[in-house]
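Structural description and commentary
The chain contents come next:
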Amino acid sequence: MKKINYFLLLFFIGFSALAQDAMSSGEIAEFKKDVNAASAKIKTMTTDFVQYKHMDFLAKDVETSGKMAFKEPNSLAWQYKKPYNYSIVFKNGKILINDEGKKSQMDAKSNKTFSKINKLIVGSVSGQMFDDKEFAISYFKSKDFNIARFIPKDAAMRKYIKQVELSFDKKEGTVEQVRLLESETDYTKIVFKNKILNAKVDDSAFSN
Amino acid sequence: MRKLTIPLLVTSFLLVFGCASKPKPNAKTEFETVTNPYFSNPETDYTYRTKITVYGHELNGILIAKKINDSIHRVVLTTDFGNTLIDFEVGQNSFKKNNVVDDLDRKIVVNTLRDDFRLLFREKFASSELEQSVSNGVTTFESTDGRNHYRLSYSANKLISISKGSRKKEQVSVGFHSENNIFADKIQIQHRDTKLKIEMSHFAP
């Protein structure tokens, strides 16, 4: 029995190694340089997104979708359109919420966890996360993506987010997927589609 | 539990043998099992956009419920971004707290939500013939289980509300609106003594 487990373990290690390889230090330096160069060029970004909430006990992932807009230095709007309307804007330390037409506001600074999450989201969209002291970072590559894995150092934060995984397009150096792990089996995955860089984005996109 | 089991057993025997013989004049009161079908299918992921209002504070998110075995429902509340706020396994006689964020991890919050979910997910209630009434097209069944008194109302054969309290005073009520009688499109849980309200709207992800 032990022998079988040992082989199974080896098999899985081998399998995951095939799927994702750790980057060498040279590759890491190269990758960071590419992403930093790409994100330095990003003044605005608009993109569609699909969010999948995966929990092991569910038959299907809970899927929501909408549009996201980002403008330098740190205005960010998430607009869920399906299956319900809900938008949240992070701007000048404020969080503006529009829930099916009902508007509310809160101070991001008053909520430490929220402001850390905000920083993480802006950082993950713009790719400016590698200097973040809040996370332990490791780097991998798969067939399609370069992957950066962030583990929060703060225990309070780790209760909410065990790990954040950003998958970057190999050519463009921009984020294609965000995966927030809450446990070994449960995660939220956000996939970006139809990304448009540096087109004019009106301030009204962040007015909510 | 025993108190519930016995009437249920009596009910099932009556259902099987009830038609065969005339009830004796001094026969015990007949019990009928009344049901809440809205969370009963173990194949279904029940997903609701949910707003919880507590003393003026609002909490929005997605509530996901699923019957994971004969006696237990798993219920998870997440933010719109998918972060889990609570994750409970709720049975009528069991409870497991898998996860709850610090801000909500207060005994009173956890216990209140646990009891609300127990009421929401409970499928069977025993009601005696004497406890049934019809008024304005609404049939009401009353059911007593230990110290708790329940009242279930049906309109056009659809469950429209369950309330729980003592015989004299209602503590909490759950209102349902269902188009198909398979799941509820809208649910509202309202407390009488505390300013707590939970509003849920079904969505198909």
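Everything in this summary refers to the structure shown in the same document. Note that this is a predicted model, so its numbers are computed, not measured. (Residues numbered from 1 in each chain as written. Chains lettered and ligands numbered in written order. Predicted model: local features only at pLDDT ≥ 70, side-chain atom pairs only at ≥ 80, totals over all residues. Heavy atoms only, no water.)

1. Details of unusual backbone geometry
As a reminder of what qualifies: Helix numbering and strand numbering both begin at the N terminus, where a helix is a DSSP run of H or I of at least 4 residues and a strand a DSSP run of E of at least 2. Buried residues are those whose accessible area, probed at 1.4 Å on protein chains only, stays under 20% of the maximum for their type, while exposed residues exceed 50% and partly exposed ones sit between those limits.
Cis geometry is adopted by the peptide bond preceding P73 of chain A, which originates at E72 of chain A and carries an omega value of -5°. Residue P83 of chain A is reached from K82 of chain A by a cis peptide bond, and omega for that bond is -5°. Positionally, P83 of chain A belongs in the loop between β4 (75–82) and β5 (86–91). One non-glycine residue, E100 of chain A, adopts positive backbone phi at about 50°. Tracing the sequence through the fold places E100 of chain A in the loop between β6 (94–99) and β7 (102–107). Assessed through its relative accessible area of 51%, E100 of chain A is described here as exposed. Despite not being glycine, N136 of chain B has its phi angle at roughly 50°, a positive value. Checked against the element boundaries, N136 of chain B lands in the loop between β8 (132–135) and β9 (138–145).

2. Examining the pattern of salt bridges
Residue and element names in this part refer to chain A. Cut-off, in case you're wondering: A side-chain nitrogen of Lys or Arg and a carboxyl oxygen of Asp or Glu constitute a salt bridge if their distance falls within 4 Å.
Under the criterion given, the structure shown has 25 salt bridges over all chains. Residue R149 pairs with E165 through a salt bridge whose shortest N-O separation is 3.3 Å. Placement of the pair is R149 in strand β9 (residues 145–152) and E165 in strand β10 (residues 163–169), with a sequence separation of 16 residues. Here R179 makes a salt bridge to E165, at a shortest N to O gap of 3.5 Å. A residue pair is termed long-range when its members are at least 10 positions apart, and R179 in strand β11 (residues 175–181) and E165 in strand β10 qualify at 14 residues. Using a relative accessible area of 22% as the deciding quantity, one classes R179 as partly exposed.

3. Structural notes on the sheet that holds strand β8 (residues 135–141) of chain A
Residues and elements named next belong to chain A. Stated formally: Only when DSSP finds a minimum of two bridges between them are two strands counted as paired. Throughout, a contact is declared for two residues whenever any of their heavy atoms are within 4.5 Å. Axes, fitted as lines to C-alpha atoms, cover a helix only where it is in contact. Angles between the N-to-C directions of the axes lie from 0 to 180 degrees.
Judged by pairing direction, the sheet is antiparallel, and its 12 strands sit side by side in the order β1-β8-β9-β10-β11-β12-β2-β3-β4-β5-β6-β7 without closing on themselves. Edge strands, defined here as strands with exactly one partner in the open sheet, are β1 (21–22) and β7. Both β5 and β6 contribute to a ladder of six bridges, which runs antiparallel. Paired with F90 across the bridge in β6 is I95. Here helix α2 (residues 25–41) sits on the sheet in contact with β1, β8, β9 and β10, set at roughly 100° to β8.

4. Side note on α2 of chain A
Residues and elements named next belong to chain A. Selection rule: One fewer than the residue count of a helix, multiplied by 1.5 Å, yields its expected span. In this context, the arc is that of the directions from the helix axis out to the C-beta atoms.
With 17 residues, α2 extends 25 Å from end C-alpha to end C-alpha; this agrees with the ideal 24 Å at 1.5 Å per step. Among the residues of α2, those classed as buried are F31, V35, A38 and S39. All buried residues of α2 lie within an arc of 95° about the axis, which places them on one face of the element. Facing away from the buried surface of α2 by more than 90 degrees, the exposed residues are S25, K33 and K41.

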